[in-house]
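Next come the chains, spelled out residue by residue.
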Amino acid sequence: MTNTAESASGAPESDVPVPSGASLTVLRGFYEGLEVPVDRNWVVIGRGRSADVVIAEATISRAHAAIGWDGREFFVQDLGSTNGTAVNGTREPRTSLSNGDELQLGKLRLRIALPDAN
């Protein structure tokens with residue numbers, strides 16, 4: 001059994017290492033083709049300087065969404081953004097991710113690549 005809890009920020013605290021090979025790729029816009037590794041259990045995406053992945057896109061919030069690993073699966077969690085977060089066109093506050101899922105944060109479109117173990 002995995003010991004998983006959440007910190008005050010909503011980030012999962014897990015003693016299980018994040019599987020290697022997960023990444024996000026920007027599908028269109030100024031950052032098209034940019035690939036960012038998901039190598040921690042909580043990666044914040046936003047336009048603010050405190051985000052782990054800073055993207056200067058006016059339609060995303062300073063801390064828009066986070067990609068997380070809870071020891072069992074990868075997920076995306078909206079962080080109270082103004083324009084919302086959708087996975088494959090469905091807007092939910094938190095959604096499990098599968099390899100190849102498309103995320104939309106404001107006008108920003110991303111694709112998640114996950115290792116085979118997921």
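Residues numbered from 1 in each chain as written. Predicted model: local features only at pLDDT ≥ 70, side-chain atom pairs only at ≥ 80, totals over all residues. Heavy atoms only, no water.

Time to look at the confidence of the model for the chain. For the chain, per-residue confidence averages 89 on the pLDDT scale, and 86% of positions sit at 70 or higher. Here residues 1-5 is modelled with pLDDT under 50, and outside its nearest four sequence neighbours on either side it reaches 13 contacts, counting other chains as well. (pLDDT = per-residue confidence, 0-100. Contact = heavy atoms within 4.5 Å.)

Before going further, it helps to examine the sheet that holds strand β5 (residues 42-46). Spatially, five strands are ordered β6-β5-β7-β8-β11 in an open sheet, and the strand pairing comes out mixed. Looking at the sheet topology across the chains shown, the edges are occupied by β6 (53-54) and β11 (94-96). (Pairing = 2+ DSSP bridges. Helix = DSSP H or I, 4+ residues; strand = E, 2+ residues; numbered from the N terminus.)

It is worth spelling out the sheet that holds strand β10 (residues 90-91) at this point. Strand order in the open sheet formed by six strands is β4-β3-β13-β12-β9-β10, with antiparallel pairing between adjacent strands. Edge positions in the open sheet fall to β4 (35-37) and β10, since each of these has one partner strand only. Here strand β9 (residues 85-87) pairs with β10 via two bridges, running antiparallel. When the sheet's bridge partners are listed, Val87 is paired in β10 with Thr90.

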